[in-house]
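# Survey of secondary and tertiary structure
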Amino acid sequence: THLNSVDWFYLREREIRRLSAEIESLKNPQNLSASPHLDGLREENARLKYRLNILKRSLQDERSHCTKYMMNINQQLQEIFGEAIRASCPELDNPPLAVTPNQQAKFGDYQCNSAMAMAQRCIRPLYTEIIISFIYYMLFLSHFFFLSSGFINIHLKRTFVSKLLSNLLVNGVQPPPLASRKKVVVDFSSPNIAKEMHVGHLRSTIIGDSMCRLFEFLGYDVLRLNHVGDWGTQFGMLIAHLQDKFPNYLDVCPPISDLQAFYKESKKRFDEEEDFKRRAYQCVVKLQSKEPDFIKAWNLICDVSRKEFQKVYSCLDIQIIERGESFYQDMMTAVVKEFEEKGKLDEGRKIVFAPGQSIPLTIVKSDGGYTYDTSDLAALRQRIFDEKADVIIYVTDSGQGTHFQVVFAAAQMIGWYDPQVTRVEHAGFGVVLGEDKKKFKTRSGDTVRLMDLLDEGLKRSMDKLKEKDRDKVLTLEELTKAQTSVAFGCIKYADLSHNRINDYVFSFDKMLDDRGNTAAYLLYAFTRIRSIARLANIDDATLRKAAETTEVLLDHEKEWKLGKCILRFPEILQKILDDLLLHTLCDYLYELATTFTEFYDSCYCVEKDRQTGEVVKVNMWRMLLCEATAAIMAKGFDILGINPVQRM
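Residues numbered from 1 in each chain as written. Predicted model: local features only at pLDDT ≥ 70, side-chain atom pairs only at ≥ 80, totals over all residues. Heavy atoms only, no water.

Note the following rule: UniProt positions are given in the numbering used here, feature names are shortened, and annotations may be inferred rather than shown by experiment.
With an unreviewed UniProt entry as reference, the protein chain is termed Arginine--tRNA ligase, cytoplasmic, source organism Myripristis murdjan. The UniProt entry for the protein chain carries this comment under Sequence similarities (unreviewed entry): "Belongs to the class-I aminoacyl-tRNA synthetase family."

In structure tokens:
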């Protein structure tokens with residue numbers, strides 16, 4: 001473990017030459033005929049080839065260890081153990097592979113637990129010894145970990161972790177490179193035109209935006225889509241009411257300030273006035289026929305809603321492209337025709353039964369009109385064939401799970417996509433509850449308007465800042481930035497820190513608490529970490545130079561624990577990529593912050609004179625650990641859509 005890089009290269013290259021000579025010797029037919037153990041020699045030959053490949057790859061890794069990308073250590077271990085397992089038991093199809101972080105540090109940093117599962121499937125004797133011998137041989141010469149006794153436990157080498165931390169500090173937080181840049185479509189938010197955005201839209205908007213940020217950071221080509229409800233029979237009554245209330249709407253833009261009230265007025269008339277209802281149906285027909293005056297009325301109504309939606313999106317820093325139901329209207333006829341031509345409609349009725357699904361899709365109503373089923377099929381088809389998406393994610397409440405399950409099954413049935421090639425997934429979420437554990441409502445029982453909720457968040461965050469006397473030390477500009485950061489950061493984090501599948505209780509008191517796993521705690525922790533260098537009068541240029549020249553020492557147990565925690569970031573992102581559960585990132589950031597606190601309490605970064613308070617010593621490698629922690633936290637915040645401030 002104490003050899004320098006030149007020694008390692010020399011030993012590896014010498015071992016490669018020796019193994020190559022042995023393999024060539026085993027290829028000689030005379031040598032084989034002279035041996036009574038031909039099978040054993042063939043096995044040894046295979047074993048030597050495997051060891052040779054591992055050594056070559058290890059040598060290549062050593063030469064390229066300064067890559068600018070962060071390494072997913074868990075993924076690397078899975079590849080190594082996977083090769084070893086396949087080499088030791090080649091007769092197994094899909095052999096079990098389980099590499100996980102070790103929960104107890106005394107047993108190592110990672111653990112491979114495949115042996116138990118393989119014992120019941122591998123017909124060879126001594127398979128465990130073969131696996132261990134392969135892995136041990138490779139790890140013995142590896143530059144980053146070695147094998148401990150007992151289970152297959154892996155202990156990372158401190159020099160290896162130190163090098164990875166230095167790479168992170170020099171190159172920034174760079175995710176591992178993608179094998180290919182895939183196209184991802186995320187359908188989220190999706191409010192209805194002419195209706196207020198309410199708390200029910202909050203989860204879809206926050207979760208969907210964070211998923212997009214994750215995919216974008218990892219290098220995917222992401223299309224953020226807002227599938228707004230901008231088409232349907234309700235627009236008939238809205239246009240009819242618009243004509244009555246603002247008859248000159250074609251020439252003068254109607255001053256509709258409260259679209260929700262406008263909608264309620266038109267709905268009341270639709271339910272009570274037969275003549276109005278008849279005119280509303282006529283308006284729908286003319287709108288669907290795309291008569292110019294009715295298209296203009298429809299656009300006016302949509303524009304009022306868009307302005308209201310944008311207020312919410314601006315507060316939450318959401319970027320999204322509107323592509324509502326109207327976008328797919330002209331595509332629906334082709335969808336129905338395709339199902340008809342392929343004989344997938346049920347006995348002449350416009351109903352589709354997908355395999356394994358008990359509920360059918362109605363793609364044409366008895367009056368000849370299309371449905372939400374038709375619209376969703378047309379949208380999915382467009383995203384697969386026109387957008388050429390590799391991944392399509394729908395972020396809606398879990399109540400729509402069955403509907404999407406049937407839509408996906410119908411699309412597979414007709415041959416639009418293969419789930420082994422294209423990932424199409426519904427990322428469902430639970431409802432927002434009030435502190436009474438019932439559906440979140442106002443005191444009068446109405447749905448909570450989203451803008452009212454955000455305004456209340458701003459008020460409460462300012463109260464919290466003043467309670468901590470921050471208004472006495474921050475400028476007005478700094479205070480306003482801190483207010484916005486805390487308010488919207490806490491609302492987002494409170495949602496994302498819960499498993500999205502579950503319901504969650506909305507509580508301003510809990511989310512603004514600066515103790516425990518909350519955005520308030522993490523934002524204050526981040527601000528404190530960022531202030532360490534500033535208070536020690538160390539500027540960014542000095543830190544950058546130190547990152548290139550100073551080794552990150554990890555001798556203290558708290559330094560070692562923090563260093564390993566920092567490097568788990570790519571593993572966390574990979575897990576979220578697989579299951580789309582963002583609370584894993586929140587849990588990790590909280591763990592990182594608490595691990596940093598342990599480190600900071602035990603290890604002096606800056607030593608000061610007790611009398612004067614002047615800085616007498618700076619432990620630069622520890623300052624670099626502070627910087628690495630802050631860099632990971634900043635990127636984590638960015639993925640969650642949270643904007644930290646320098647002073648709070």
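### What to know about unusual backbone geometry
To be explicit about the condition: For the purposes of this entry, the term helix denotes a DSSP run of H or I that reaches at least four residues, the term strand denotes a run of E that reaches at least two, and both are numbered from the N terminus.
A positive phi angle is found at Ser190, which is not glycine, with a value near 50°. If you trace the backbone, Ser190 turns up in the loop between strand S5 (183–187) and helix H8 (199–217).

### Thoughts on the packing of helix H17 (residues 476–496) against helix H19 (residues 519–535)
When two helices pack together, their arrangement is given by the angle between the helix axes and by the axis-to-axis distance. Applicable threshold: Axes here mean lines fitted to C-alpha atoms, for a helix over just the part in contact, with angles spanning 0 to 180 degrees between N-to-C directions. Orientation labels follow simple angle bins: below 35 degrees gives roughly parallel, above 145 gives roughly antiparallel, 65 to 115 gives roughly perpendicular, and whatever is left gives oblique. Contacts between residues were defined by any pair of non-hydrogen atoms, one from each residue, lying within 4.5 Å. Polarity classes work like this: nonpolar for Ala, Val, Leu, Ile, Met, Phe, Trp, Tyr, Cys and Pro, charged for Asp, Glu, Lys and Arg, and polar for all others, with Gly in that last group.
Two elements in contact, H17 and H19, have axes whose closest approach is 8 Å; the angle formed by their N-to-C orientations is 130°. One way to sum up the angle between H17 and H19 is to call them oblique. Contact with H17, carried on its side by Ser485, Val486, Gly489, Cys490 and Tyr493, involves Ala519, Ala520, Leu522 and Leu523 of H19 and no other residues of that element. Residues of the contact of H17 with H19, tallied by class, amount to seven nonpolar, two polar and no charged.

### Let's talk about the nonpolar core
This is how it is decided: What we call a nonpolar core is a set of buried Ala, Val, Leu, Ile, Met, Phe, Trp, Tyr and Cys residues that are connected through their side-chain atoms within 4.5 Å. Working definition: with a 1.4 Å probe on protein chains only, accessible area under 20% of the residue-type maximum means buried, over 50% means exposed, and in between means partly exposed.
Formed by 151 residues in total, the largest nonpolar core has its most connected members in Leu202, Phe569 and Leu585. Broken down by element, this core gets its largest block of residues, twelve residues, from helix H24 (residues 620–640). Apart from the residues within four sequence positions on either side, Phe569 is in contact with Met70, Val173, Phe217, Leu585, Tyr588, Ile632, Lys635, Gly636 and Ile639. In this structure, Val335, Phe339, Leu345 and Val364 belong to the second largest nonpolar core, which totals 33 residues.

### Notes on the side chain of Arg203
In this fold, Arg203 is placed in helix H8. In contact with Arg203, other than residues within four places in its own chain, are Gly208, Phe429, Gly430, Val431, Val432, Asp495, His498, Asn499, Arg500, Asn502 and Tyr504.

### As for the pattern of salt bridges
The line we're drawing: Only one rule defines a salt bridge in this text: a Lys or Arg side-chain nitrogen within 4 Å of an Asp or Glu carboxyl oxygen.
For the structure on display, the rule yields 42 salt bridges. A salt bridge links Arg213 to Asp209, with the shortest nitrogen-to-oxygen separation between them at 2.8 Å. Separated by four residues within a single helix, Arg213 and Asp209 lie in helix H8, roughly one turn from each other. On the basis of relative accessibility, which here comes to 12%, the residue Arg213 falls in the buried class. Across the salt bridge formed by Lys245 and Glu265, the nearest N and O atoms sit 3.0 Å from each other. Within this pair, whereas Lys245 is found in helix H9 (residues 234–245), its partner Glu265 is found in helix H10 (residues 259–272), the two being separated by 20 residues in sequence. Residue Lys245 is classed as partly exposed on the basis of its relative accessible area, which comes to 42%. Each member of the salt-bridge network shares a partner with another, and the members are Asp209, Arg213, Glu216, Arg224, Asp317, Lys635 and Asp638.

### As for the sheet that holds strand S11 (residues 423–426)
The cut-off we apply is this: Only when DSSP finds a minimum of two bridges between them are two strands counted as paired.
Taken in spatial order, the five strands make up an open sheet running S7-S6-S5-S10-S11, and their pairing is parallel. The sheet is open, and its two borders are formed by strand S7 (321–322) and S11, each paired with just one other strand. Where S5 lies against strand S10 (residues 391–394), four bridges are found, and the strand directions are parallel. By the bridge assignment for S10, Asp187 is matched with Tyr394. Here helix H15 (residues 401–413) sits on the sheet and contacts S10 and S11; the angle it forms with S11, its principal contact strand, is near 160°.

### What about the confidence of the model for the protein chain?
Low-pLDDT stretches of the model should not have their predicted coordinates read in fine detail. To keep it simple, the criterion reads: A score from 0 to 100, pLDDT tells how confident the predictor is in each residue.
In the predicted model, the protein chain carries a mean pLDDT of 86, and the fraction of residues at 70 or more is 83%. In this model residues 136–150 is a low-confidence stretch, pLDDT under 50, and it forms 47 contacts with partners more than four residues away in sequence or in other chains.

### Some words on the packing of aromatic side chains
Applicable threshold: When the centres of two rings from Phe, Tyr and Trp lie within 6.5 Å, Trp using its six-membered ring, the rings pair. Their planes under 30 degrees apart give stacked, over 60 give edge-to-face, and anything left gives tilted. Two conditions define a charge located above a ring, namely a distance within 6 Å from the ring centre to NZ of Lys or CZ of Arg, and an angle within 35 degrees of the ring normal.
Overall, the coordinates contain 16 aromatic pairs when judged by the stated rule. The interplanar angle of 85° and the centroid separation of 5.3 Å between the aromatic rings of Phe215 and Tyr220 together place this pair among those described as edge-to-face. This pair shows no difference in class: Phe215 is buried, exactly as Tyr220 is. Where Phe596 meets Phe599, the ring centres are 5.6 Å apart and the plane angle is 55°; that geometry is what we call tilted. You can see Phe596 and its partner Phe599 sitting in helix H23 (residues 583–602), three residues apart, about one turn around the helix. Considered together, Phe596 and Phe599 belong to a single accessibility category, that of buried residues. The cationic tip of Arg158 hangs over the ring face of Trp560; the distance from NZ or CZ to the ring centre is 4.5 Å.

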